[in-house]
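# Coordinate analysis (summary)
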Amino acid sequence: MSTFKAPKGTYDLLPPRSATFLAVREAISTPLRNSGYGYVETPGFEDVKLFSRGVGESTDIVSKEMYTLTTKGGEELALRPEGTASVLRAALQGNLHKLGNLPVKLWYSGSYYRYERAQAGRYRHFSQVGAEAIGAEDPALDAELIILADQAYRSLGLRNFRILLNSLGDKECRPVYREALQDFLRGLDLDEDTLRRAEINPLRVLDDKRESVQKQLVGAPLLRDYLCDACKAYHEEVRALVSAAGVVFEDDDKLVRGLDYYTRTTFEFVHDGLGSQSAVGGGGRYDGLSEMIGGPALPSVGWALGVDRTVLALEAEGVELDLPTATSVFAVAIGEEARRTLFGKVTELRRAGIAADFSFGGKGLKGSMKDANRSGARLAVVAGERDLAEGVVQLKDMETGEQRAVALDDLLDAVRAELA
Ligand code: HAM
């Protein structure tokens, strides 16, 4: 081991487990790429104000968890704690919303940073795949996103996840509810911190996990009873469309989410095998965010799924992804001349698109055959001086152990035929 370790709250992705991460990213993005979402990539850091304005000054993410820095040039930057504000900023900056095709549908995959208390499933550096549909107010768009996330999880073989759905109202009805809730909270026996939160962000108090708080929340006014007619109708349409697709969800009045930009539809995907960090993904509508960051009115909706937690969920369910082994052919050479010849053959196979590897390090036959076994390759190509003198190599089926001589010049065709 070296003197250094990965920083607290981070971990390295190493083979073979790293292959599962790649497969999860692929599985989540496939349904998006199939549904008109284009790929977007934004910088790992942004102007700190993008997040304080967008995600919200009062959220934990901004007030406690942001990695901020001042550059030598005096710019105040933050490592991105989430993707939505950045993606919307990029779409606005690139004028995608003016090209005439709304909604602008984008997907992304990357690293995010939050200075959180590190524990299983909660990291300071983590990975999300996300989707944002910008510039349309249409319940079918909210439904599309929920259905696509469900499809992604199911394609991975996940079963024990649940979808929680709520509506947070809009700028008409939410303030009325907020006030009613505040009145109610002021009458409770709460500690100072919680009372302060009740003043700044009362909806977050509903999310308090402590029994002593939850007990007192029985009888709290419910947002459901305050939704305006437009929000109610919108939400009913989202629910109907998701149900019609055969996707099961649970209505959850208490789902508030930890970011301030949400309006109307909000949802979370939770997995029951993950203990306290059970949210594998989440999202919702953010109709006011564009204006909050200086853009035009662009009602939008999106989600982000946590790659780390999705992998943990797969492990909790014991799902083994069917990952094809990386290497199809492994070459084992005995002696200098054979090494040179087989190395050339490996290059030829690779150029023909066949995944091939070579026994490096000048090992003997036994050590090299061990490498071949470990690689998981279906075929081994073995050659020594005597084979080469005859112009052949030995092609060995690693499953059956059967072996036959193949002329050097016919190797590519023979390998192709075996792998077909
Ligand atoms: P979020 O709920 O903060 O939403 O994060 C989405 C997912 O990222 C979580 O459900 C979780 O799986 C994963 N995640 C978050 N923090 C951590 C962490 N510290 N360690 C491991 N995984 C984590 C957002 O980020 C919104 N931008 C989603 C969205 C997109 N809303 C609209 N569009």
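Everything in this summary refers to the structure shown in the same document.

## Some thoughts on the packing of aromatic side chains
By the definition in use, this model includes 14 aromatic pairs. Their ring planes at 65° and their centres at 5.6 Å tell us that Y153 and F269 sit as a pair that is edge-to-face. Within this pair, whereas Y153 is found in helix α5 (residues 139-155), its partner F269 is found in strand β9 (residues 263-271), the two being separated by 116 residues in sequence. The class of F269 is buried, set by a relative accessible area of 0%. Members of the aromatic cluster, each reached through a chain of ring pairs, are Y153, F161, F267 and F269.

## With respect to the pattern of salt bridges
Per the stated rule, a full pass over the model turns up 31 salt bridges. The salt bridge partner of D150 is R154, with a shortest N-O separation of 3.2 Å. With a gap of four residues between them, D150 and R154 both fall in helix α5, about one helical turn apart. Between R404 and E418 there is a salt bridge whose closest N-O contact spans 3.0 Å. With R404 in strand β16 (residues 403-407) and E418 in helix α16 (residues 411-419), the pair connects residues that are 14 residues apart, well separated along the chain. R404 sits in the partly exposed class, given a relative accessible area of 40%. Residue E418 is classed as partly exposed on the basis of its relative accessible area of 26%. It is possible to trace a salt-bridge network through shared partners that takes in E137, D170 and R264.

## Structural notes on the nonpolar core
A general tendency of soluble globular proteins is for nonpolar side chains to be buried together. Grouped together as the largest cluster of nonpolar side chains are 46 residues, with contacts concentrated most on F51 and I134. For this core, the elements supplying multiple residues, two or more each, are α2 (48-56), α3 (60-63), α4 (84-93), β5 (104-113), β6 (125-134), α6 (174-186) and α8 (202-205). Considering each element in turn, this core owes the most residues, five residues, to α4. Ignoring anything within four residues of it in the chain, the contact list for I134 reads V87, L88, A91, L102, P103, V104, L106, Y286, L298, P299 and S300.

## Things to note about the site of the ligand
Contacts to the ligand come from 27 residues, most closely from E82, E116, Y123, E132 and Y262. At 2.8 Å from a nitrogen atom of the ligand is found a side-chain nitrogen or oxygen belonging to E132. Measuring from an oxygen atom of the ligand, one finds a side-chain N or O atom of R257 at 2.8 Å. Listing elements by their share of the shell around the ligand, those giving two or more residues are β6, β10 (279-285) and β11 (300-306). The dominant element in the shell around the ligand, judged by the number of residues it contributes, is β10, at six residues. For the shell around the ligand, the class distribution of residues is 11 nonpolar, nine polar and seven charged.

## Describing the environment of E320
Relative to the helices and strands, E320 is located in the loop between α12 (307-317) and β12 (329-333). Residue E320 is classed as exposed on the basis of its relative accessible area, which comes to 74%. For the pair E320 and R154, spaced 166 residues apart in the sequence, the C-alpha separation amounts to 13 Å.

## Some points on α12
Looking only at α12, the buried set comprises V307, D308, R309, T310, V311, A313 and L314. Elements that come into contact with the buried residues of α12 comprise α1 (17-33), β6, α5, β9, β10 and β11. A positive phi of about 70° marks G318, the residue just after α12.

## Notes on the sheet that holds strand β3 (residues 68-70)
Here we have three strands laid out as an open sheet, ordered β2-β4-β3, and antiparallel in their pairing. Edge positions in the sheet fall to β2 (45-47) and β3, since each of these pairs with one other strand and no more. Ignoring strand direction, the axes of neighbouring strands in this sheet form an average angle of 35°. Sheet topology places β2 next to strand β4 (residues 76-79); three bridges connect them, and they run antiparallel.

The rules behind each value
- Residues numbered from 1 in each chain as written.
- Predicted model: local features only at pLDDT ≥ 70, side-chain atom pairs only at ≥ 80, totals over all residues.
- Heavy atoms only, no water.
- Phe/Tyr/Trp six-rings, centres within 6.5 Å; stacked < 30°, edge-to-face > 60°.
- Helix = DSSP H or I, 4+ residues; strand = E, 2+ residues; numbered from the N terminus.
- Buried < 20%, exposed > 50% of the residue type's maximum accessible area, 1.4 Å probe, protein only.
- Salt bridge = Lys/Arg side-chain N within 4 Å of Asp/Glu carboxyl O.
- Core = buried A, V, L, I, M, F, W, Y, C linked by side-chain atoms within 4.5 Å.
- Contact = heavy atoms within 4.5 Å.
- Near = heavy atom within 4 Å.
- Polar contact = N/O pair within 3.5 Å; in protein donor to acceptor, adjacent residues only side chain to side chain.
- Nonpolar A, V, L, I, M, F, W, Y, C, P; charged D, E, K, R; others polar.
- Pairing = 2+ DSSP bridges.
- Axes fitted to C-alpha atoms, helices over the stretch in contact; angles between N-to-C directions.

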